[in-house]
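Residue-level listing of the chains:
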Amino acid sequence: METSRSNYQKRAEYCQVSTGKKLLRLMDSKKTNLALSADVTTSAELISLADRIGPEICLLKTHIDIIHDFTPALTTSLRELADKHQFMIFEDRKFADIGNTVKSQFAGGIYKIVEWADMVNAHSLPGPGIIDGLASAIEGRDRGLILLAEMSSRGHLMNVDYMHATLKMAKEHPEFVMGFITQHALSDSPQWINMTPGIKLFPGTDALGQQYNTPESAIIENGTDVIIVGRGIIQADNPQAEAQKYRERGWNAYLRCISSK
Ligand code: 5BU
């Protein structure tokens, strides 16, 4: 019987979203559960980070709307780097509106996110129409949706009932929802990918409400799958060496989980 603690390869068979299956298989073959949150503000910095850190990661997480010199050439370059280094792209857009509006936000505007991001995330707060709206924009492309179940920030309002309601919404859309942003695995089911931001090598906080846990507490204690790291890597003196440290910590934590099953 497979669970959320089974190995990624086995869990890929249970995930019903092809993008999610692809991510689990990539994590297994590349031996990394590290996502880089590439929170920089110029195209050149983003491309340089993706190229230098790409070999260490399964996912590049972007905030495309903080780039102040955005042109479509940037996302073309990111797609080329994703092929070169074998990572997937997650735009951390946190959609939060009615279905009809998020459809246009996903497909249109200047960013045309649906054309280049393998996956995006959305708040469950507006109800299931947000999932249908986003799904209606993908038009046959392989795309996955991640629901926000639990944030890392101090004082967030996502209580246990909210998390359960989010899981229920995911279960009603298993062909598009591939997992969650969460601090704890939401269920024992092998099909959902649980991704956790707010990760550093040591616990702590920042000045604006961010709370950090370690890779081990996220993966071993809280049962999550992907560690999302931003400033812990990008503000290091040697981001490449630091990414390798996070990669190793995340991967060893995963190996401990599957071997203790
Ligand atoms: P940091 O530099 O590792 O703190 O960056 C964390 C990133 O993850 C940043 O891009 C946030 O927008 C993002 N994030 C988060 O920190 N916490 C959350 O609950 C969610 C996203 Br959802």
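Our structure is the block above this text.
Residues numbered from 1 in each chain as written. Predicted model: local features only at pLDDT ≥ 70, side-chain atom pairs only at ≥ 80, totals over all residues. Heavy atoms only, no water.

A. Structural context of the site of the ligand. Not every one of the 15 residues close to the ligand is listed here, only the nearest: Asp 39, Ser 152, Gln 210, Tyr 212 and Arg 231. Ser 37 is positioned with one of its side-chain polar atoms (N or O) 3.0 Å from an oxygen atom of the ligand. In this structure, an oxygen atom belonging to the ligand sits 2.9 Å away from a side-chain N or O atom of Lys 61. (Near = heavy atom within 4 Å. Polar contact = N/O pair within 3.5 Å; in protein donor to acceptor, adjacent residues only side chain to side chain.)

B. Spatial organisation of the environment of Val 226. Checked against the element boundaries, Val 226 lands in strand S10 (residues 226-229). For the pair Val 226 and Ala 12, spaced 214 residues apart in sequence, the C-alpha separation works out to 14 Å. Excluding residues within four positions of it along the chain, Val 226 makes contact with Met 27, Asn 33, Ala 35, Cys 58, Leu 59, Ile 193, Asn 194, Met 195 and Thr 196. (Helix = DSSP H or I, 4+ residues; strand = E, 2+ residues; numbered from the N terminus. Contact = heavy atoms within 4.5 Å.)

C. Geometry of the packing of aromatic side chains. This structure, assessed with the given rule, holds six aromatic pairs. Between the aromatic rings of Phe 70 and Tyr 111, the centroid separation amounts to 4.9 Å while the plane-to-plane angle is 75 degrees, which identifies the pairing as edge-to-face. On the criterion of sequence distance, the pair formed by Phe 70 in the loop between strand S2 (59-62) and helix H4 (72-85) and Tyr 111 in the loop between helix H5 (99-107) and strand S4 (119-123) is long-range, its members being 41 residues apart. The class of Phe 70 is buried, set by a relative accessible area of 15%. You can call Tyr 111 partly exposed: its relative accessible area is 22%. When the centroid spacing of 4.8 Å and the interplanar angle of 50 degrees are considered together, the rings of Trp 251 and Tyr 254 count as tilted. Taken together, the positions of Trp 251 and Tyr 254, both in helix H10 (residues 239-259) and three residues apart, correspond to about one turn of that helix. The structure contains a cluster of three or more aromatic residues connected by ring pairs, namely Tyr 8, Trp 251 and Tyr 254. (Phe/Tyr/Trp six-rings, centres within 6.5 Å; stacked < 30°, edge-to-face > 60°. Buried < 20%, exposed > 50% of the residue type's maximum accessible area, 1.4 Å probe, protein only.)

D. Representation of empty space enclosed by the protein within the structure. Applying the stated criterion across every chain yields a total of one cavity of 30 Å³ or more. In this model, the largest cavity occupies a volume close to 80 Å³. Residue lining of the largest cavity: Ser 4, Arg 5, Ser 6, Tyr 8, Arg 11, Ile 219, Gly 223, Thr 224, Asp 225, Tyr 254, Cys 257 and Ile 258, and that is the complete set. The set of elements that each furnish at least two residues to the lining of the largest cavity consists of helix H1 (8-12) and H10. (1 Å grid on protein atoms, 1.4 Å probe; cavity = no way out; pocket = protein on both sides within 12 Å on 5 of 7 lines; lining within 4 Å. Points joined across faces, edges and corners; volume = space filled by probe spheres on them.)

E. Summary view of H5. Within the span of H5, buried status applies to Gly 99, Val 102 and Phe 106. Along the axis of H5, the buried residues cluster in a sector spanning 65 degrees; they form a single face. Elements in contact with the buried residues of H5: strand S3 (88-95), S4 and helix H6 (129-135). (Arc of directions from axis to C-beta.)

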